[in-house]
Amino acid sequence: MNAHGIVHKYGDNVDTDVIIPARYLNTSDEKELASHCMCDIDETFHTKVKQGDIMVAGDNFGCGSSREHAPIAIKASGIDCVIAKSFARIFYRNAINIGLPILECEEAGNRIDDHDEIEIDFDLGKIYNRTKNETYQAEPFPDFIKEMMEQGGLLKSIAKGVK
Amino acid sequence: MGMTMTQKILAAHAGLNEVKAGQLIDAKLDLVLGNDITSPVAIKEFEKHAFASVFDKTKIAMVMDHFAPNKDIKAAQQCKTCRTFARGFDIDHFYDVGEMGIEHALLPEKGLVASGECIIGADSHTCTYGALGAFSTGVGSSDMAAGMAKGTCWFKVPSAIRFELKNALKEGVSGKDVILHIIGKIGVDGALYKSMEFGGEGLSSLTMDDRLTIANMAIEAGAKNGIFEVDDITVAYMKDRVKRPYQIYTPDKDAYETIMELDLSQIKPTVSFPHLPENTKTIDEIKEKIAIDQVVIGSCTNGRISDMRIAAEILKGKHVAKDVRTIIIPATQSIYKECIRLGYIDIFLDAGCIVSTPTCGPCLGGYMGILAENERCVATTNRNFVGRMGHITSEIYLASPATAAYSAIAGCIAGKGGM
């Protein structure tokens, strides 16, 4: 599994209230959620984001509310991967559960700038910054999580066994 | 290394004798919770994957509290989705307008959570139930859907920070000040992926409402869960509420990688400044006059009867400052009734406040008290992020019910002695 795209860079403690403000939580429609994604800290995000782009941030990305609408909105915006120095734990599991790849990497969070072009090899946890010609190493997913992601998320992976 | 309370509960629910921090486990659930915002997403997933039934209709709770009573047509549709699902699967604990309250005040009150249980909720403040000695954590809607179908949830076993409580709180200081003080010290990611476990000789000075408030905001320090040791106060609280057997777990002495001593007698009324809960100042450190436009007293953090009592005692015979819109929200129907019985509602209305039916409403910027550009609010809620209660330039100052009530009267952030 790989990703390749242009970076949208944000800072520390990006909370789920700015990823998708609660005033838009009266729907679970993915496209509608995507149209408001990041609007409270970056009004232009939904117009400039392209399919396959990558989001990079600092520490504690996705802190706050448990709303799965946050990773859903990011994924439906076209983002193929979120890289952060660290993630808030509910966001982390929500992203994995819905099949949005995320990587924790301190160096990538420090070095990558807005608009950099990035390539990711998820199996190896390698992040290549084509703009700066640098490589950063993240922990690859544990097997349990990799399998869940490959099956398309939590529900798909358990559906067969339970029905 | 021994096991923490959290690890013992997780081990028991995973059918293991022992678990270690970092281990991935699948644990059996005693309760799966959702609300009117998160349940529709879970229901959509549940239906998309065509699960034939729920794992146990007595172990699922759905509470219509965030945008209920329905704030608009879309919110009404979401509640309708939940209602239809709950009726379809004959869910026992479905709480709609007239019966509902703010979920994390309602579930302990109804006896639906107990010591030693393993609980997930598609709401980040599900960590509240750790006050009763349960392992309880916030998850997303996919986890809720999987939990409803299968009755289990995957967890990475957390390590823990132990808070060793000493002495007792001074008068006028409450659980909210304790948790804001802690978050101010360790930061909004100070307990990331970890449990916050509370115990020690100071425990006996904290009421159940104090403990519920403290556990409620463990998530604001990034914690997976907050949990209190069970004592006579916990057992007395569960006595008339919990009708089933429950387990009490105590931590091993060598279970903790970090132990923080907390002298409760040193904690002062504390306020979190915009736009992160870690931006704390004690009330006596605030030198400038910070004029306010609104006060909110309520939420899953501070909408319980003792919070109402504290506010009523301060507001009795007084009037809120001109132009300070003061919104009081008892968290459940029974708290609301108790407020009527004790005369608190008269006190609030005479003081120029409004009293709302239970709802999360303003806490997450839903409705019932949205802020305009550049407005400031002192709130007993739990988050002061950008845009949380309204316009992105508005400001939220998190505080205890006492500080909120004093501030409403003063028209600016104030403590007992005024500004």
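This text follows the structure it describes.
Residues numbered from 1 in each chain as written. Chains lettered and ligands numbered in written order. Predicted model: local features only at pLDDT ≥ 70, side-chain atom pairs only at ≥ 80, totals over all residues. Heavy atoms only, no water.

Focus on the sheet that holds strand β7 (residues 134-137) of chain A
Residues and elements named next belong to chain A.
Thinking step 1. Read from one edge of the open sheet, seven strands run β4-β3-β2-β1-β5-β6-β7, paired in mixed fashion. Each edge of the open sheet is held by one strand with a lone partner, namely β4 (102-104) and β7. The sheet shows a mean angle of 25 degrees between the axes of neighbouring strands, taken without regard to direction.
Thinking step 2. One ladder, built from five bridges, connects strand β1 (residues 2-9) with strand β5 (residues 117-121); its direction is antiparallel. Bridge pairing in β5 links Asn2 to Asp121. (Pairing = 2+ DSSP bridges. Helix = DSSP H or I, 4+ residues; strand = E, 2+ residues; numbered from the N terminus. Axes fitted to C-alpha atoms, helices over the stretch in contact; angles between N-to-C directions.)

Some points on the side chain of Asn302 of chain B
Residues and elements named next belong to chain B.
Thinking step 1. Mapped onto the secondary structure, Asn302 falls in helix α9 (residues 299-302).
Thinking step 2. Residue Asn302 is classed as buried on the basis of its relative accessible area of 1%.
Thinking step 3. At 3.0 Å, the side chain of Asn302 and the side chain of Asp307 are in polar contact.
Thinking step 4. Residues contacting Asn302, with those up to four places away along its chain left out, are Lys176, Thr213, Ile297, Asp307, Met308, Thr380, Ala399 and Pro401. (Buried < 20%, exposed > 50% of the residue type's maximum accessible area, 1.4 Å probe, protein only. Polar contact = N/O pair within 3.5 Å; in protein donor to acceptor, adjacent residues only side chain to side chain. Contact = heavy atoms within 4.5 Å.)

Comments concerning helix α3 (residues 73-88) of chain B
Residues and elements named next belong to chain B.
Thinking step 1. The terminal C-alpha atoms of α3 lie 22 Å apart, and with 16 residues this matches the ideal 22 Å at 1.5 Å per residue to within 8%.
Thinking step 2. Turning to α3, its buried residues number three or more, namely Ala75, Gln78, Cys79, Cys82, Arg83, Phe85 and Ala86. Considered in projection along α3, the buried side chains sweep an arc of 165 degrees and stay on one side of the axis. Seen from the open side of α3, the exposed residues pointing more than 90 degrees away from its buried face are Ile73, Thr84, Arg87 and Gly88.
Thinking step 3. Those residues of α3 that are buried are in contact with β2 (31-35), α2 (39-48), β3 (60-63), β4 (93-95) and α5 (141-150).
Thinking step 4. Where α3 begins, the capping side chain belongs to Asp72, and its oxygen is found 3.3 Å from the backbone nitrogen of Lys74.
Thinking step 5. Within two residues after α3, Asp90 carries a phi angle of roughly 55 degrees, on the positive side. (Expected span 1.5 Å × (residues − 1). Arc of directions from axis to C-beta.)

What to know about the interface of chain A and chain B
Thinking step 1. If you look at the interface, chain A gives 43 residues, while chain B gives 50 residues.
Thinking step 2. The junction of chain A with chain B conceals about 3900 Å² of combined surface from both sides, 60% of it contributed by carbon and sulfur atoms.
Thinking step 3. Between the two partners, chain A and chain B, sit three salt bridges.
Thinking step 4. A salt bridge links Arg388 of chain B to Asp17 of chain A; the nearest nitrogen and oxygen atoms lie 2.8 Å apart.
Thinking step 5. On inspection of chain A and its partner chain B, the count reaches 21 residue pairs in polar contact (both at pLDDT 80 or more).
Thinking step 6. Elements with a minimum of two residues in the side of chain A that touches chain B: α1 (16-19), α4 (69-77), α5 (89-98), α7 (143-150) and α8 (154-162) of chain A.
Thinking step 7. With seven residues, α5 of chain A is the largest single contributor of residues to the side of chain A that touches chain B.
Thinking step 8. Here the side of chain A that touches chain B is built from residues that sort into 17 nonpolar, twelve polar and 14 charged. (Buried area = accessible area lost by both parts, 1.4 Å probe. Salt bridge = Lys/Arg side-chain N within 4 Å of Asp/Glu carboxyl O. Nonpolar A, V, L, I, M, F, W, Y, C, P; charged D, E, K, R; others polar.)

Side note on the packing of aromatic side chains
Thinking step 1. Taken as a whole and judged by the stated rule, the model has 16 aromatic pairs over all chains.
Thinking step 2. Here the aromatic rings of Tyr10 of chain A and Phe45 of chain A are separated by 6.5 Å at their centres, their planes lie at 65 degrees, and the arrangement is edge-to-face. Here Tyr10 of chain A is found in the loop between β1 and α1, whereas its partner Phe45 of chain A is found in helix α3 (residues 45-48), with 35 residues between them in sequence. For the residue pair Tyr10 of chain A and Phe45 of chain A, the accessibility class agrees, reading buried in each case.
Thinking step 3. Ring geometry for Phe163 of chain B and Phe198 of chain B: centres 5.0 Å apart, planes at 20 degrees, overall stacked. In this pair, Phe163 of chain B sits in strand β8 (residues 160-166) while Phe198 of chain B sits in strand β9 (residues 195-199), placing the two residues 35 residues apart along the sequence.
Thinking step 4. Look at Phe163 of chain B and you get buried, because its relative accessible area is 1%.
Thinking step 5. The structure contains a cluster of three or more aromatic residues connected by ring pairs, namely Phe61, Phe87, Phe91 and Tyr92 of chain A together with Tyr193 of chain B.
Thinking step 6. Across the ring face of Tyr237 of chain B, the terminal group of Arg241 of chain B is positioned such that the distance to the ring centre comes to 3.8 Å. (Phe/Tyr/Trp six-rings, centres within 6.5 Å; stacked < 30°, edge-to-face > 60°. Lys NZ or Arg CZ within 6 Å of the ring centre and 35° of its normal.)

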